[in-house]
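Summary of structural features
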Amino acid sequence: MFGALSRRANPTPDSCPVLEDVMTAEGSPNQPVLAYLGPEGTYTHQAANDYFAESVSYISCQTIASAFHALGGSADIAFLPIENSTHGAVIETLDLLRLASSENQFIRGEALASISHCLVVRKGTKFENIQTVLSHEQVGESKALGQCSAFIKDRLPSARTVKTVSTAAAAQQVLRDSTSTSAAICSSLCTKLYPGLALLAENIQDAAANVTRFIVLSAPHATLPSPTASGLPSGQPQWCAMLRITPPPAHSLNLGDVFGTIQPLAIARVDRRPSLSPTLFQDTYFVKVRDSGTSTDLEWKVAVTAAASRVLTKIPHGETNCTILGIWKA
Ligand SMILES: O=C(O)C(=O)C[C@]1(C(=O)O)C=C[C@@H](O)C=C1
């Protein structure tokens, strides 16, 4: 993994719609191009590398949104974090999924990766010098229940916390801090990728078991390389699907009726975000369903399509929207 992660090859593709956001590209020509939240050394980068290894080329994007929007332009695949076992949903990804067109941005797979956070400083910086802690908001934002909030509270109670777009972006910022008073919360890999950084503490996350789930998006019929390692529990893979449902506002219907129409498909998870409609308090639900039996590929597609059309026919018309946002095996 480290070999692939530290290598840089082909340049940024000219066709990239978010050219200014794309920082590096690595891999060989003619491979599918995968966009991820960069810079190099983010957990997303490592998880994507574990999943596809050297079978894709990698482009680093400055934000989760630019990785998502690269799909259908400079990238064939986007690899995005969607939920963390201690901090919950990755809101930015859910908000982008509200816009996903099932033509270009379809969920094709998922992966789990263990997250082990470290406190990283410029070489020579001591614990007592740290005045600012930088990281991704999932990790260290003191207002939110960040993944390391207990560590920050106990060990660096007077440090200011600053949100960065990613953990590796925090590492880069610390490297540039000539005052040597800042620290980043990121992976240990960043100290290998960015010489000049040193580890001050390891495994500083609140919960010993800290796992993030990632989704793999592409056009629905694009041929994707088989995953090398997904981090998912071994055993019989199950069919999954994601339905994006925007019913009328919850005060005018029983949500149980909406979810009831999906049965007999098993509901594995529901996330909710405000819909983008002008109707007040109309929400969009992301409903992950899974097969409780052993359907074939075709049987599962038929079952998911039937569930989506039941939502549309049984829930009051006009204001209801239901889209299949992905079908995959996990
Ligand atoms: O900042 C990174 O390193 C990321 O890959 C992003 C991200 C996230 O958005 O959840 C991914 C995994 C960890 O949970 C922390 C941060």
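Residues numbered from 1 in each chain as written. Predicted model: local features only at pLDDT ≥ 70, side-chain atom pairs only at ≥ 80, totals over all residues.

Counting secondary structure elements, the chain contains ten helices and 16 strands. With 330 residues in all, the chain has 45% of them scored as buried. (Helix = DSSP H or I, 4+ residues; strand = E, 2+ residues; numbered from the N terminus. Buried ≥ 20, exposed ≤ 12 C-beta atoms within 10 Å, placed from the backbone.)

The buried fraction of strand 4 (residues 77-84) is high, at eight of eight residues. The pairing of strand 2 (residues 33-37) with strand 4 spans three bridges and is parallel. Across the sheet, residue leucine 34 finds its bridge partner in strand 4, namely isoleucine 77. As paired strands, strand 4 and strand 12 (residues 211-218) are joined by seven bridges and run antiparallel to one another. Note that in strand 12 the partner of isoleucine 77 across the bridge is serine 218. The pairing of strand 4 with strand 5 (residues 88-89) spans two bridges and is classified as antiparallel. Bridge pairing in strand 5 places asparagine 84 opposite glycine 88. Where strand 4 hands over to strand 5, the hairpin turn is made up of three residues, counted between the paired strands. (Pairing = 2+ DSSP bridges.)

Close contacts around the ligand come from 15 residues, with Thr42, Tyr43, Thr44, Ser166 and Thr167 the closest. Residue assignment for the shell around the ligand shows that the elements contributing at least two residues are helix 2 (43-52), strand 4, helix 5 (137-140) and helix 7 (167-176). Along the lines of polarity and charge, the residues of the shell around the ligand split into seven nonpolar, eight polar and no charged. Counting contributing residues per domain, the shell around the ligand is built from domain 1 (2-114 + 210-218) and domain 2 (118-201), each supplying no fewer than three. (Near = placed C-beta within 6 Å. Nonpolar A, V, L, I, M, F, W, Y, C, P; charged D, E, K, R; others polar. Domains from an automatic or database assignment.)

The share of residues in the chain with pLDDT of 70 or more is 89%, and the mean pLDDT across the chain is 88. Per-element mean pLDDT across the chain ranges from 45 in helix 1 (residues 2-6) up to 98 in strand 2. Predicted confidence for residues 6-24 stays below pLDDT 50, and this span has 48 contacts to residues more than four positions away or in other chains. Scored as a whole, the predicted complex attains pTM 0.89, and scored at its interfaces, ipTM 0.97. (pLDDT = per-residue confidence, 0-100. Contact = placed C-beta atoms within 7 Å.)

This part covers the sheet that holds strand 10 (residues 182-186). The five strands lie next to each other as 9-8-10-7-11, forming an open sheet whose pairing is mixed. At either end of the open sheet lies a strand with only one pairing partner, and these are strand 9 (160-164) and strand 11 (197-201). The sheet shows a mean angle of 35° between the axes of neighbouring strands, taken without regard to direction. With respect to the sheet, helix 7 is in contact with strand 7 (118-122), strand 8 (132-136), strand 9, strand 10 and strand 11, its orientation differing from that of strand 10 by roughly 155°. (Axes fitted to C-alpha atoms, helices over the stretch in contact; angles between N-to-C directions.)

Buried residues dominate helix 2, accounting for nine of its ten residues. Buried residues of helix 2: Tyr43, Thr44, His45, Gln46, Ala47, Ala48, Asn49, Tyr51 and Phe52, and no others. With its phi angle positive at about 45°, alanine 53 sits one or two positions after the end of helix 2.

Turning to the nonpolar core, a few remarks are in order. Judged by nonpolar contacts, the single largest core of 59 residues is most densely connected at Leu34, Ala35, Ala67, Ala78, Phe79 and Leu80. Residues lining this core come from more than one domain, with at least three contributed by each of domain 1 (2-114 + 210-218) and domain 3 (239-329). Ignoring anything within four residues of it in the chain, the contact list for phenylalanine 79 reads Leu34, Tyr36, Thr44, Ala47, Ala48, Phe214 and Val216. Within the second largest apolar cluster, 26 residues are counted, among which are Val120, Cys148, Ala169 and Ala183. (Core = buried A, V, L, I, M, F, W, Y, C linked by C-beta atoms within 7 Å.)

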